[in-house]
Each structure stands twice: as structure tokens, then as C-alpha cells.
Amino acid sequence: MVVMAEYDERPVWSMSGSEMLSALDQLQTALARLQTRRLELLAALEANGHAAELGARDTAELIALRHRLDTVEVRRDLRLATALPKYPDVQQALTATLHPTQAEVIVTTLERIPATATVPVADLRIAEQQMVKAAELLAPGELRKLGSRVRNTLDTDGPEPAEDRALAAETLALRPDDHGVAFKGYLAGAHAELLQTLILAGAKPHLTPEGHRDPRSSGKRRADALTSILEVAAATGGAAPAHGDIKPHVTVTIDLADLQSSTGTGTSASGAVLSAAAVRRLACDAGVIPLVLGSNSEPLDVGTEHRFVTRAIRQALNARDQGCVICAAPPPLCDAHHITHWADGGPTNLTNLALLCKPHHQAVHQGHWTLTIHNGHPQVSTPTWATPNSSKDPPTAA
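These notes cover the structure that comes with them. Note that this is a predicted model, so its numbers are computed, not measured.

About the thresholds
Throughout, a residue's number is its position along its own chain's written sequence, starting from 1. Restriction of local features to residues with pLDDT of at least 70 applies here, the model being predicted, together with a cutoff of 80 or more for giving and counting side-chain atom pairs; totals for whole chains, interfaces and linings are based on all residues. Computation of side-chain values covers all heavy atoms of the structure but excludes hydrogens and water. Secondary structure follows DSSP: runs of H or I at least 4 residues long count as helices, runs of E at least 2 residues long count as strands, and numbering of each begins at the N terminus. Should any heavy atoms of two residues lie within 4.5 Å, those residues are counted as being in contact. Here the accessible surface of atoms and residues is derived via Shrake-Rupley with a 1.4 Å probe, and residues count as covered only by protein chains that are part of the display. Stacked, edge-to-face and tilted labels apply to pairs of Phe, Tyr and Trp rings (six-membered ring for Trp) whose centres lie within 6.5 Å, assigned for plane angles under 30 degrees, over 60, and everything in between, in that order. When a residue's accessible area, from a 1.4 Å probe over protein chains only, is under 20% of the maximum for its type it is buried; when over 50% it is exposed; and in between it is partly exposed. Salt bridges are identified by distance alone: a Lys or Arg side-chain nitrogen within 4 Å of an Asp or Glu carboxyl oxygen. In the analysis that follows, any N or O atom pair within 3.5 Å is treated as a polar contact, provided that within protein one partner can donate a hydrogen and the other can accept it, and provided that, for residues neighboring in sequence, both atoms belong to side chains. Simply put, an axis is a line fit to the C-alpha atoms, just over the touching stretch for a helix, and the angle between two N-to-C directions goes from 0 to 180 degrees. To sort the angles, those under 35 degrees are grouped as roughly parallel, those over 145 as roughly antiparallel, those from 65 to 115 as roughly perpendicular, and the leftovers as oblique. Left-handed describes a crossing in which the near helix is turned anticlockwise from the far one by less than a right angle; the clockwise case is right-handed. The classification used treats Ala, Val, Leu, Ile, Met, Phe, Trp, Tyr, Cys and Pro as nonpolar, Asp, Glu, Lys and Arg as charged, and all other residues, Gly among them, as polar. Here, strands pair whenever DSSP counts at least two bridges between them. What a helix should span is 1.5 Å times the count of its residues minus one. To be clear, the arc concerns the directions from the helix axis to the C-beta atoms. In these notes, a set of buried Ala, Val, Leu, Ile, Met, Phe, Trp, Tyr and Cys residues joined through side-chain atoms within 4.5 Å is what counts as a nonpolar core.

**Points about the overall build of the protein**
Scanning the protein from terminus to terminus reveals 15 helices and 9 strands. Residue pairs in contact within the protein that sit at least 24 positions apart in sequence constitute 50% of those at least 6 positions apart. For the protein, the exposed area adds up to about 24800 Å²; of that, 57% sits on carbon and sulfur atoms.

**Points about the packing of aromatic side chains**
Applying the stated criterion to the full structure yields 1 aromatic pair. Seen from their ring centres, W369 and W385 are 5.9 Å apart, and the 90° between their planes marks the pair as edge-to-face. Pair noted here: W369 is in the loop between α15 (358–365) and β8 (370–374) and W385 is in the segment after β9 (377–381), with a separation of 16 residues, a long-range link. The same class applies to W369 and to W385, which are both buried.

**Some remarks on the pattern of salt bridges**
Enumeration according to the criterion identifies 14 salt bridges in this entry. For R75, the salt bridge is made with D58, and the minimal N-O distance between the two is 3.1 Å. Highlighted residues: R75 in helix α4 (residues 71–83) and D58 in the loop between α2 (50–54) and α3 (59–67), separated in sequence by 17 residues. Overall, R75 belongs to the partly exposed group, its relative accessible area being 32%.

**Things to note about the side chain of H360**
Note that H360 resides in helix α15. Since its relative accessible area comes to 1%, H360 is described here as buried. A polar side-chain atom of H360 sits 2.2 Å from a polar atom in the side chain of E61. Sequence-distant contacts of H360, defined by excluding residues within four places in its chain, comprise R57, E61, C324, I326, C327 and W369.

**Describing the packing of helix α6 (residues 100–111) against helix α7 (residues 121–134)**
Relative orientation of the contacting elements α6 and α7 amounts to 155°, with a least axis distance of 10 Å. Taken as axis vectors, α6 and α7 run roughly antiparallel relative to one another. Crossing hand, α6 versus α7: right-handed. Contact with α6, carried on its side by I106, T109 and L110, involves A127, E128, M131 and V132 of α7 and no other residues of that element. Considered class by class, the residues forming the contact of α6 with α7 number 5 nonpolar, 1 polar and 1 charged.

**Quick notes on the pairing of strand β4 (residues 265–268)**
Burial along β4 is one-sided: G266 and S268 are buried, and none of T265 and T267, which face the opposite way, are. Note: strand β3 (residues 252–253) against β4, 2 bridges, orientation antiparallel. Counterpart to T253 in the pairing with β4 is T267. Inspection of the sheet shows β4 paired to strand β5 (residues 273–275) by 3 bridges, in the antiparallel sense. Each residue of the ladder has a partner; that of G266, found in β5, is L274.

**Comments concerning the packing of helix α1 (residues 17–48) against α4**
Two numbers describe how α1 lies on α4: the axes approach to 8 Å, and their chain directions differ by 85°. Accordingly, the angle class assigned to the pair α1 and α4 is roughly perpendicular. Contacts between α1 and α4 involve R38, L39, L42, A43 and E46 from the former and D77, L78, L80, A81 and T82 from the latter. Here the contact of α1 with α4 is built from residues that sort into 6 nonpolar, 1 polar and 3 charged.

**Brief notes about α6**
Taking 1.5 Å of rise per residue, the 12 residues of α6 would be expected to cover 16 Å, and the 16 Å separating its terminal C-alpha atoms lies within 8% of that figure. For α6, the tally of buried residues reaches 9 of 12 residues, placing the bulk of the element in the interior. Buried within α6 we find P100, Q102, A103, E104, V105, I106, V107, T109 and L110. At its buried positions, α6 is contacted by α1, α4, α5 (88–94), α7 and α8 (140–154).

**Things to note about α7**
Compared with the 20 Å implied by 1.5 Å per residue over 14 residues, the 20 Å span of α7 between its first and last C-alpha is a close match. All buried positions along α7 are accounted for by A127, E128, M131, V132 and A134. Angular distribution of buried residues about the axis of α7 spans 160°; they occupy a single face of the element. Exposed residues on α7 whose side chains face more than 90 degrees from its buried face are Q130 and K133. Buried residues along α7 sit against α5, α6 and α8.

**Considering the sheet that holds β3**
The 3 strands are arranged β3-β4-β5 in an open sheet whose pairing can be described as antiparallel. Looking along the sheet, the strands with just one partner apiece sit at the ends: β3 and β5.

**Quick look at the nonpolar core**
Judged by nonpolar contacts, the single largest core of 58 residues is most densely connected at L62, V90, I106 and L143. With near-sequence residues (within four places) excluded, L143 lies in contact with Q102, V105, I106, M131, A134, A135 and L138.

**Side note on unusual backbone geometry**
At A328, a position not held by glycine, the phi torsion is positive, near 70°. Secondary-structure assignment places A328 in the loop between α14 (311–321) and β6 (334–338). Despite not being glycine, N375 has its phi angle at roughly 50°, a positive value. Note that N375 resides in the loop between β8 and β9.

Printed below as a string of C-alpha cells:
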């Protein structure tokens, strides 16, 4: 499919305002067609299982690594691509007037109507047709509002209580951000009430020691309340299941001299940089776990002749790798992998270990990824399938 000749490629400086707008119209149409074609290819790739043949965990990992995209974004596109065949009106409109973003809204609306609602197929088709028609005038945001009304009309709860569906829809997403983490999610029913009760109770404004009004914004007060709740939960030692024989706790690597003088910075297990003063505050309520660093800033071998990773080794491994060395999944979700297998004489020490999430642990053992240690840190060799337009397809896994 070639679209380059379908729009004006003259230098922008030589165009009038109306010509620029016309060129943008042409580009928008071309982009919509390309995105529609991409969805067709994604659905076909998912159906034929080619990603597994190459050694990727799934189609989402293959495309995310190959095209340098966020896996969440690729999974969203895959859901739309694989659901489209169920919605012929949406598919037909995609080749004419419907933008893929609008198509996602319509398909998501109809997919969220549970089978237990026992909505007749004819009613679903009418709803699909009406939303496609409405998309000629409505942007995605307004189309979502219409979709909510459509769901409420078609789904009258049926045999499944609305509360059960709401609980099943609970979600929480965490995303690393500058100097911290951004998060969003949804809680239902009693869980929502518990969260609101605790946050609101802890977010009440307080007078300063000088008697002035609380200078914090309402958002900052709520954030402080959540932090207080987490600190109390962590102090109990039983707020989350242990992993690797280590209870959940904050781990910070910092030079001992910096900690004693309250200068410099430390690095948490998630990669966040903390001031020495902040680390000293953490140490007031937590045991200090010494972690000796070598000349290349790698944790030194803690020493063991045992087959299994000890608590001390796991602690050092968490601090060094900060999660899966392939996909950065957090340490609690990772296994300690022997680069040279223990049965083949590989020692259980930091020069022969790396953190891997369970799917990538399996992929490494299948030979799809290669790990080495360089200057005390794991190095990952990218599979050939993660590079677009390679000279030849990588060999199919046996």
C-alpha cells in the first residue's frame, strides 16, 4: 500500500493556510487507512502464532520490542484488532469515514456488555450501527459518553449483580515517572469506601506550628494520607506476601560515608534517587542492611556454596538489577536465574545470577535471549526478531 503520492508534499513554507489544512485532511485520511491496515496485520499475526515461533513471549512483546512501543499500547491495539471481525459495520466504516480511535470506543463499549446480560444479537447490531452513525459527528470523548448510555440501556444487570461486575473491573496501574511513580485505577463498593474513608481521614488540614493555615493543596494532603497508610502497613511486616525469603521493605544503596555525613544520594531498588537526608529518615524506622559495593559499583559476592539463593544474595540481587533485566518487572515478580546453570557447575553468587520475570526466565532457558555479566552487571543480547527489516527471519524454535 502506497499513500505518499496521495497528499501534498510541497515545502510547508510555500503553502497557504487553506493548502496546509487541505494537506492535513489528506494526511488524516491516509493515516487512518494505514492504521486500519496495521490492525488487520496484527490480528493475522496473533492468529497464526508467529511470535511464539520466533521465540517471543507473545505478539505484544514481539511488536513492542520490534517497534519500540509500550506493551500496554500494543495490547490495546491487539484487543481491538482481534475483536473487529465480530463487528462488520465498524469494519466497513473503517475503510471510509471511521477513525481507528472511534472504532476502539465502539468495540470496547459493546465488548463490555457481559454475556449474562442476554442481549439479543439484533439489538447489539442496532447499537453498533447507531454508534457508527454517531461517529460521523462525535469525537472519541463524546462517543464514550454515548457508549455508556448504550450499555446502560442494553444491560439491565440480568442475573449478575452490578456490584459483582464492578468488583471484577477493579484495576491498578503503576508507571515510573520523573522522581517517582504515576498510578491510576478503580476500586468498587466496600473497597472504594475503605479507600475514601482512610484518605479523607488522613487528609484533613492541620494548622502549622505557628498557627497558620495548612499550606498544602488538597491533592498534596491526599498524597500525604496515602503515604501514611502505606508506612503503617509496611511497619506491620505482613501487608504483602514475602518473596525470596524477604519481607517487603524499602532498600536503598548508598555510600556509608555519604549516609553518615548526610551528603550525596542513594538509589532505591526501583531506581529512584533519594537524598542522603531522605535515606537517614528511612533508616529511623527500618533496619539498615549493609550492601558493600566494589570498584565498578556492583554489589560484592556475599558468598555461599548452597544451591538456593540466600536472603543476603537475594537482597543484593534486588538492589543491583532492580527488576527483570529484560522487561523491568519489579523484583517481587522475579526469579533468580543462574546464567551458568547450577547443575553445570555455575556458582550461586552475583557474578552468575540475574533477576528475570517468570515468562522471560522461561524464554532464556529456551535460548531466545542471551545473558552475560560485564563489570558486575547483567548484559542482555537482543533477539534478532526484535530488529525490524533484518536480513532474514530468525530460525523457528523447535
